[in-house]
Number of protein chains: 2
Amino acid sequence: MVTVKLMENVMKANEAAAEANARRMEEAGIFAVDMMSSPGSGKTTILERTLDALGGELRTAVIEGDLYTSRDAERVEARGAQVVQINTGGACHLDAKVVQQALESMDLQGHDLLFIENVGNLICPAGYRLGESERVMVLSVTEGVDKPEKYPAMFRSCSVALVNKIDLLEVLEMDIREVADEIRRVNPRMKILPVSARTGEGMEAWYEWLRVEVRRTRKSAVRA
Amino acid sequence: MVTVKLMENVMKANEAAAEANARRMEEAGIFAVDMMSSPGSGKTTILERTLDALGGELRTAVIEGDLYTSRDAERVEARGAQVVQINTGGACHLDAKVVQQALESMDLQGHDLLFIENVGNLICPAGYRLGESERVMVLSVTEGVDKPEKYPAMFRSCSVALVNKIDLLEVLEMDIREVADEIRRVNPRMKILPVSARTGEGMEAWYEWLRVEVRRTRKSAVRA
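Reading guide: rules and limits
- Residues numbered from 1 in each chain as written.
- Chains lettered and ligands numbered in written order.
- Predicted model: local features only at pLDDT ≥ 70, side-chain atom pairs only at ≥ 80, totals over all residues.
- Heavy atoms only, no water.
- Helix = DSSP H or I, 4+ residues; strand = E, 2+ residues; numbered from the N terminus.
- Rg over C-alpha atoms; globule rule 2.2 N^0.38 Å.
- Buried < 20%, exposed > 50% of the residue type's maximum accessible area, 1.4 Å probe, protein only.
- Areas by Shrake-Rupley, 256 points an atom, 1.4 Å probe, with all protein chains shown as cover.
- Core = buried A, V, L, I, M, F, W, Y, C linked by side-chain atoms within 4.5 Å.
- Contact = heavy atoms within 4.5 Å.
- Least-squares fit on C-alpha atoms with pLDDT ≥ 70 in both.
- Pairing = 2+ DSSP bridges.
- Axes fitted to C-alpha atoms, helices over the stretch in contact; angles between N-to-C directions.

**Student:** Could you give an account of the overall build of chain A, naming the residues involved and the relevant values?
**Tutor:** In terms of regular secondary structure, chain A is built from nine helices and seven strands. Taken over C-alpha atoms, the radius of gyration comes to 17 Å for chain A, in line with the 17 Å a tight globule of 224 residues would show. Counting only C-alpha atoms, chain A reaches 50 × 45 × 35 Å along its principal axes. Split into buried and exposed, the 224 residues of chain A put 57% on the buried side. Split by element, the accessible area of chain A, about 9,400 Å² in all, is 50% carbon and sulfur.

**Student:** Please provide a residue-by-residue account of the nonpolar core, values included.
**Tutor:** A general tendency of soluble globular proteins is for nonpolar side chains to be buried together. Counting residues in hydrophobic clusters, the biggest one holds 56 residues, and the most contacted among them are Met 137, Phe 155 and Ile 183 of chain A together with Met 137, Phe 155 and Ile 183 of chain B. With sequence-adjacent residues up to four places away left out, Phe 155 of chain A is seen in contact with Met 137, Leu 139, Lys 147, Pro 148, Ile 183, Val 186, Asn 187 and Met 190 of chain A.

**Student:** Requested: an account of the relation of the copies chain A and chain B, with residues and values cited.
**Tutor:** Laying chain A over chain B is done by rotating through 180° and shifting 0.0 Å along the axis; what remains is an RMSD of 0.0 Å. Overall, the copies show the geometry of a two-fold rotation axis.

**Student:** Tell me what's going on with the sheet that holds strand E3 (residues 82-87) of chain A, and back it up with residues and numbers.
**Tutor:** Residues and elements named next belong to chain A. Sheet architecture is open: seven strands sit in the order E3-E2-E4-E1-E5-E6-E7, paired in parallel fashion. Every interior strand has two partners, whereas the edge strands, E3 and strand E7 (191-194), have only one. Going across the sheet, the axis of each strand differs from the next one's by a mean of 20°, ignoring polarity. Here strand E1 (residues 31-37) pairs with strand E5 (residues 134-140) via five bridges, running parallel. By the bridge assignment, Met 36 is partnered in E5 with Met 137. In the packing of helix H9 (residues 203-223) onto the sheet, the strands contacted are E1, strand E4 (113-117), E5, strand E6 (160-164) and E7, and the crossing angle to E1 comes to about 140°.

**Student:** Report on unusual backbone geometry, specifying residues and quantitative values.
**Tutor:** Residue Lys 165 of chain A is not a glycine yet carries a positive backbone phi of 65°. Residue position: Lys 165 of chain A is located in the loop between E6 and helix H7 (169-172). A relative accessible area of 12% means that Lys 165 of chain A is categorised as buried. Of note in the backbone geometry, Glu 173 of chain B takes a positive phi value of approximately 55° without being a glycine. Following the sequence through the fold, Glu 173 of chain B ends up in the loop between strand E6 (160-164) and helix H7 (176-186). Looking at Glu 173 of chain B, the relative accessible area reads 70%, which means it is exposed.

**Student:** Talk me through the pairing of strand E4 (residues 113-117) of chain B; I want residue IDs and the actual numbers.
**Tutor:** Here is the key point about a regular strand: its side chains alternate between the two faces of the sheet. Residues and elements named next belong to chain B. Most of E4 sits out of view: five of its five residues are buried. Here E4 shows a buried face lined by Leu 113, Phe 115 and Glu 117 and a second buried face lined by Leu 114 and Ile 116. Where strand E1 (residues 31-37) lies against E4, five bridges are found, and the strand directions are parallel. In the strand pairing of E4, Asp 34 is matched with Ile 116. Sheet analysis places strand E2 (residues 60-66) next to E4, joined by five bridges and oriented parallel. When the bridges of E4 are listed, Thr 60 appears paired with Leu 113.

Dropping the structure here:
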């Protein structure tokens, strides 16, 4: 049972680092979102649009998790956000320790909102808290309706699902209600936001959710 | 460095089991394909179509890897193939040991072709040989063109890429050549088969590849 013990220690160390990250961001009044999804769901495109839309009102930073490349980081940086790149060197998820290191290199006081774009993977990232305020997942409608039941840990661990690429619903002959029903069967409390990062449809509801959460976080930080 | 040592032992045990699986299938004259992809790329739909098309000529079995559910296994079983379901209980990949157990419950002599549908994940499955004859990956064009560079281990470990959902290329304003170029940059020797499991376009080339490989495997088994 050596393996199990080691895994327990890894998880304990992660929880401690996540706790420290969370405290640090709370003190700085930052609302931090851990964004997770399958590869190719459109996380980075959603981030690009969000930075374009909210750039004027919210001071936003991004931590980009990728196996090896900095493609996403470059895309997001082009939008004017402060970006810290983390390469996991092949590991299938970020952990709280590497996020801790990233936070150390950032100007936390100068930001309201932090996106942590996790590695594209519907399994591994669900098990590792990073110290985020909320977990948001992106599900592309092209992935089909069976994903919630097949990857329940991910769907249960997130509070918001951005259901992306709804501009393709018609060609796919899919109904958004069917997707929403499957999500709610696994996580009845999930907030479901149908969006198209390509056309912009539905994105305003996502921006508004971010605005409200950022305001709330700032208020608690001032009060403390 | 206990972690590293343990990991080494895990990998060594996996290699040994993979070797045993490979020998066993060679002896039985079975061509075995490890199918890997992101969640929602269309692996199971491709399998369904393939079973429909080749059911009359090849005796096909399927091992279905999933975290918890048997949804895919039920879909494939409805097509008349012998199916063994493996639930990984949350693990992000199949390994050679669980495949070994699955093989023990199967009538190997009675089959020509075995599909092993791995867990939907572009990272973890690449590291674990199962004893397969070939590795095939499915990439949906909806995932965008940057996947080869972002997940190079997966793209390098496979010999065939089924580029699926090409019926959506026009709506996505994408060019298949761009996708193929990005794949070849990471793995110049990869066989690229553009297909649509929905419309059936391009599937004949995939069936033909399977026929040739099955014939070759059978011949070597007879000779040995």
